[in-house]
Amino acid sequence: MVKYILKRVIYSILILLLVSLLLYLIMRMLPNDFVDKTYESQLNSGVMTKEDLHRIKETLGIADNSFKGIMRGYGDWLKNALRGDLGLSLKYQAPVGQVISDHMWISFGIAMFAFIFQFIIAIPLGIKAATHQYGAVDYTTSVLAMVGISLPSFFLAYLLMRVLSIELGWFPLQGIDSGRGSGFDLGDLLWHMVLPMLTIIIGSIGGLMRHTRTNTLEVLNQDYVRTARAKGLSERKVVYKHVFRNTMVPIVTMTAGIIPGLFGGMMILEKVFAIDGIGRIAYEAMGVGDFPLVMGYNMFISILTVLGTLLSDLAYMLVDPRIKISK
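Analysis parameters
- Residues numbered from 1 in each chain as written.
- Predicted model: local features only at pLDDT ≥ 70, side-chain atom pairs only at ≥ 80, totals over all residues.
- Heavy atoms only, no water.
- Patch = residues over 30% accessible without salt bridge, like charges linked within 9 Å, V, L, I, M, F, W, Y side chains within 5 Å.
- Areas by Shrake-Rupley, 256 points an atom, 1.4 Å probe, with all protein chains shown as cover.
- Salt bridge = Lys/Arg side-chain N within 4 Å of Asp/Glu carboxyl O.
- Helix = DSSP H or I, 4+ residues; strand = E, 2+ residues; numbered from the N terminus.
- Expected span 1.5 Å × (residues − 1).
- Bend = angle between axes of the 7 residues up to and from the residue.
- pLDDT = per-residue confidence, 0-100.
- Buried < 20%, exposed > 50% of the residue type's maximum accessible area, 1.4 Å probe, protein only.
- Contact = heavy atoms within 4.5 Å.

Quick notes on a nonpolar patch on the surface
Thought 1: On the surface, Phe 154, Phe 155, Tyr 158, Leu 159, Val 163, Leu 168, Trp 170, Ile 268 and Tyr 283 cluster together into a nonpolar patch covering about 870 Å² of accessible area.
Thought 2: Broken down by element, the nonpolar patch gets its largest block of residues, 5 residues, from helix 8 (residues 153-167).

Below is the structure:
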């Protein structure tokens, strides 16, 4: 077990190194340049010269766009990153790590609540649809799942805002507080989070629900299920004791990408709902070419993905003790 974990950790580190290299190469090739955009007016008016811009880029380590220069820049970035220094955000003029830590918690809270509710809603509905195959429940959940999968998140967000906020006035339109200036109000915060979480949940439960339904149908046709029914066990006990446990292994596989996927999807969602989270910050940083912050955000998502995959591999033994880990 220890050898397996160590091997997986080593593989994860190698994957992160490769991902960081690819991300750095992509970011250096993007047309957006923060320095050029920031000092464009001063360059055009003659206040600054191209040599001045070049010196600023040299300070940031992005002046040489040759392959050798880019690799040298990557080496410097990696060396600093291993010491915990992700650089200085050009847009916010603060350390990248500080910007991420200051804005990630609201995104993390929304993502975790959506993750929990996604499982609470999708798995029982998937099992219900499988045990009532070709019935009203099955057709209804299938239609809802297809709607959730098909609708783009930004369109679904605008639809919910139009109906539940503008037309009915049930929920706040945007932001995370009412701006009353009375300090932190948990109830007000949660009330503002209803529409963003509804958007995430509706858009994400479809895939998990269909996956659960498919796996449950497959297990329901197994011989041991028919044997359990022949012994006189109640249908509820057959489904939730024997069938459900054996559908968990494929579901655990899906969880590896759910949380990183939720964080990745927060970019557009936070922009639509005017939430000052890490997704919106990264989206705006990408728009202005804030290279260090975008690199830090993408590495943050990459680490979440690798950790999710590692944890899902280890969770296989918990949901099915018959699975043995090979060294």
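Further notes follow.
Overview of helix 9 (residues 186-220)
Thought 1: The terminal C-alpha atoms of helix 9, which comprises 35 residues, lie only 44 Å apart, well short of the 51 Å expected from a rise of 1.5 Å per residue.
Thought 2: Helix geometry: helix 9 is bent most strongly at Val 194, by close to 40°, with proline Pro 196 lying one to four residues after it.

What to know about the confidence of the model for the protein
Thought 1: Residues of the protein with pLDDT of at least 70 account for 86%, and the chain-wide mean is 78.
Thought 2: The least confident element of the protein, judged by mean pLDDT, is helix 3 (residues 40-45) at 69; the most confident is helix 5 (residues 67-82) at 86.

Some thoughts on unusual backbone geometry
Thought 1: The backbone of Tyr 134 sits at a positive phi, close to 65°, despite the residue not being glycine.
Thought 2: By the element assignment, Tyr 134 lies in the loop between helix 6 (96-131) and helix 7 (136-150).
Thought 3: Assessed through its relative accessible area of 57%, Tyr 134 is described here as exposed.
Thought 4: In this structure, Ala 274 is a non-glycine residue whose phi angle is positive, near 55°.
Thought 5: Within the element layout of this structure, Ala 274 appears in the loop between helix 11 (235-272) and helix 12 (278-288).
Thought 6: Note on Ala 274: relative accessible area 27%, which makes it partly exposed.

Remarks on the environment of Val 137
Thought 1: With respect to the helices, strands and loops of the structure, Val 137 is situated in helix 7.
Thought 2: Overall, Val 137 belongs to the partly exposed group, its relative accessible area being 31%.
Thought 3: A sequence separation of 12 residues divides Val 137 from Leu 125, and the C-alpha atoms of the two residues are 8.5 Å apart.
Thought 4: When neighbours within four sequence positions are excluded, Val 137 is seen to be in contact with Lys 128 and Ala 129.

Thoughts on the pattern of salt bridges
Thought 1: By the definition in use, this model includes 4 salt bridges.
Thought 2: A salt bridge links Asp 138 to Arg 213; its shortest N-O distance comes to 2.7 Å. Placement of Asp 138 in helix 7 and of Arg 213 in helix 9 is noted, with a sequence separation of 75 residues between them.
Thought 3: Overall, the relative accessible area of 2% leaves Asp 138 in the buried class.
Thought 4: In this structure Arg 213 comes out as buried when scored by relative accessible area, which is 19%.
Thought 5: Between Lys 271 and Glu 284 there is a salt bridge; the shortest N-O distance is 3.3 Å. In this pair, Lys 271 sits in helix 11 while Glu 284 sits in helix 12, placing the two residues 13 residues apart along the sequence.

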